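Fold and contact review
Now for the letters of each chain:
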Amino acid sequence: QVQLVESGGGLVQAGGSLRLSCVASVRTFSRYAMGWFRQAPGKEREFVAAISWSGSNIDYAESANGRFTISRDNAKNTVYLQMNSLTPEDTAVYYCAADPRFATVVSGTGSWGRGTQVTVSS
């Protein structure tokens, strides 16, 4: 069992940056792999990025690679998504995901937070 709370979303101009945070409720963090998905209105939820507990395994979607950076601070039970060079196509609700297995996070079948809205204006 893990509860996830996302924050850091908001309104930003195209070309700007945001950093999303996700805090897990587990006191010891339990070595969960964590990641980010996003969902725009009328579209399916899509994978963005994932990171293993140690940080040694990282995976990015093609849309994120080169612009987004996922990282984590296990002492704070927190995972981050630094988003640079944002475009209106990045507008979506961003969801935090977690599971003991990295592959489960990437597949989108683990636990979820309630999401944080990111809106990028042109």
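Heads up: the structure comes first, above all this text.
Structural notes, computed from the coordinates.

Calculation rules
Residues numbered from 1 in each chain as written. Predicted model: local features only at pLDDT ≥ 70, side-chain atom pairs only at ≥ 80, totals over all residues. Heavy atoms only, no water. Salt bridge = Lys/Arg side-chain N within 4 Å of Asp/Glu carboxyl O. Helix = DSSP H or I, 4+ residues; strand = E, 2+ residues; numbered from the N terminus. Buried < 20%, exposed > 50% of the residue type's maximum accessible area, 1.4 Å probe, protein only. Pairing = 2+ DSSP bridges. Axes fitted to C-alpha atoms, helices over the stretch in contact; angles between N-to-C directions. Polar contact = N/O pair within 3.5 Å; in protein donor to acceptor, adjacent residues only side chain to side chain.

In this section: the pattern of salt bridges. A pair can form between side chains of opposite charge whenever their charged atoms are brought close. For the structure on display, the rule yields three salt bridges. Between Glu-46 and Arg-38 there is a salt bridge, and its shortest N-O distance comes to 2.7 Å. Note that Arg-67 is salt-bridged to Asp-90, the shortest N-O span being 2.8 Å. Pair noted here: Arg-67 is in the loop between strand S6 (58-60) and strand S7 (68-73) and Asp-90 is in the loop between strand S8 (78-83) and strand S9 (92-99), with a separation of 23 residues, a long-range link. Assessed through its relative accessible area of 1%, Asp-90 is described here as buried. Ionic contacts of the salt-bridge type, sharing partners, join the residues Arg-38, Glu-46, Arg-67 and Asp-90 into one network.

With respect to topology, four strands assemble into an open sheet ordered S1-S3-S8-S7, the strand pairing being antiparallel. Every other strand in the sheet has two partners, leaving strand S1 (4-7) and S7 as the edge strands with one partner each. Neighbouring strand axes in the sheet, compared pairwise and without regard to direction, differ in orientation by 15° on average. Two elements, strand S3 (residues 18-24) and S8, share six bridges in a ladder whose sense is antiparallel. Counterpart to Leu-20 in the pairing with S8 is Leu-81.

Okay, unusual backbone geometry next. Located in the positive-phi region is Asn-77, a residue other than glycine, with phi close to 55°. With respect to the helices and strands, the residue Asn-77 is situated in the loop between S7 and S8. For Asn-77, a relative accessible area of 9% gives the class buried. A positive phi angle is found at Ser-85, which is not glycine, with a value near 50°. Positionally, Ser-85 belongs in the loop between S8 and S9.

The next point concerns the side chain of Thr-78. As for its placement among the helices and strands, Thr-78 is situated in strand S8. There is a polar contact of 2.8 Å between the side chain of Thr-78 and the backbone oxygen of Lys-76.

By themselves, these observations are geometric and do not establish any function.
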